[in-house]
Amino acid sequence: VRRVAVRDLKKARAVSFPAGLITADWRSVVADPEVDLIVELMGGTTTARQVVLAALKLGKPVVTANKALLSAHGEELFAAAQQHGTNLYYEASVAGGIPIIKVLREGLVGNRITRLFGIVNGTCNYILSRMKEEGADFAAALADAQRLGYAEAPPDLDVDGHDAAHKTGILASLAHGFWVNPKQIYTEGIRNITKQDIEFAAKLGYTIRLLGCVKVAAGVRRKQSAIQVSVYPVLVPNSHVLANVNGVFNAILVRGDVVGDTLYYGQGAGQDATASAVLSDLADAALDLKCGTKNRIPPFVPHERDGAVLPMDDVVSRYYVRLTVEDRPGVFAKIAGVLAK
């Protein structure tokens, strides 16, 4: 480690650095001829974008854990890496220590991905697990998640589904070969899930999970490459493996046309899981630099030129509807009439 750029030089840190290693001037770090590779772990999409672009324009490879940055500016950053003959590594951006980026870029390269379902937000999974196991209501489970450090204050990015949408968009882009605009991802969080929903789901044999869903559209009169990309609470059958992923763990089910169903499970958040993925990227980058192949495996390969995200209004699916009504004659007839319309 040659240099470390930080926002606040006076901030107390859990690790010590040799004198002179820390600076508040990121530009001097990126421009330093002795720095071969940049690791961006600051978060956000403003300064982080400047740092990554500046490094790529100098032909320096970059390792990032920043899913918000990739969701918002991935297409631009990947183009810059290609233009300047270098690489962008981002294993830590999705699902923590689970090597799902490498799986999609390398392991399943011979497959067309037909379905991908992911529990990719540990905070929401923890809250829903607590609601099911202990009968807790949403507010109490959220408060515990915040106390334990699983949820931020405010928790909107997690509980409203935006964090999961960032990750799902990245996975959808990789799986289908065209860049998915985050504005096209239908996103619904878990804020409106009640204790009653959890109880009814259990009686029906289901568990509620917040899933990132990427599916090839079937039976739709559109382009062959139309896909559904969405994040919302889903009724998962209790017999399904995703129903049994509890706490802050993540799991991603990927179906390929050749390999069939594959499952990836593990720690989806936290400093150790993220560090594991960053170290994996550092090892890849070091090998590429050693062999002189700066983009041995490109960060993103566009191969579906006419790809499109299906509007949620065009998606055919099954739904769960819970109604609170007066117990008197004629009510169900009215409901049936409304549903018929």
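**Remarks on the overall build of the protein**
Part 1: Check the secondary structure of the protein and you find eleven helices and twelve strands.
Part 2: In terms of overall size, the protein behaves like a compact globule, its C-alpha atoms giving a radius of gyration of 22 Å where 341 residues would be expected to give roughly 20 Å.
Part 3: Principal-axis analysis of the C-alpha atoms places the extent of the protein at approximately 80 × 50 × 30 Å.
Part 4: Here the protein, with 341 residues, has 46% of them falling under the buried criterion.
Part 5: In the protein, the proportion of contacts linking residues at least 24 apart, taken out of those at least 6 apart, comes to 69%.
Part 6: Carbon together with sulfur atoms contributes 53% to the accessible area of the protein, which is approximately 18100 Å² in total.
Part 7: Measuring between centres, the 38 positive side-chain charges of the protein sit 3 Å from its 34 negative side-chain charges.

**Structural notes on the pattern of salt bridges**
Part 1: Counted under the stated rule, the structure contains 17 salt bridges.
Part 2: One salt bridge connects Arg191 with Asp160, and the closest N-O pair in it is separated by 2.9 Å. Here Arg191 is found in the loop between β7 (186–187) and α9 (195–203), whereas its partner Asp160 is found in the loop between α7 (156–159) and α8 (162–176), with 31 residues between them in sequence.
Part 3: Judged by relative accessible area, Arg191 falls into the partly exposed class, the value being 38%.
Part 4: Owing to a relative accessible area of 21%, Asp160 belongs among the partly exposed residues under this scheme.
Part 5: Ionic pairing is found between Glu326 and Arg328, a salt bridge with its closest N-O pair at 3.0 Å.
Part 6: Here the residues in one salt-bridge network are Lys102, Glu106, Asp284, Asp288 and Arg296, joined through shared partners.

About the thresholds
- Residues numbered from 1 in each chain as written.
- Predicted model: local features only at pLDDT ≥ 70, side-chain atom pairs only at ≥ 80, totals over all residues.
- Heavy atoms only, no water.
- Helix = DSSP H or I, 4+ residues; strand = E, 2+ residues; numbered from the N terminus.
- Rg over C-alpha atoms; globule rule 2.2 N^0.38 Å.
- Buried < 20%, exposed > 50% of the residue type's maximum accessible area, 1.4 Å probe, protein only.
- Contact = heavy atoms within 4.5 Å.
- Areas by Shrake-Rupley, 256 points an atom, 1.4 Å probe, with all protein chains shown as cover.
- Lys, Arg positive; Asp, Glu negative; His and termini not counted.
- Charge placed at Lys NZ, Arg CZ, Asp CG, Glu CD.
- Salt bridge = Lys/Arg side-chain N within 4 Å of Asp/Glu carboxyl O.

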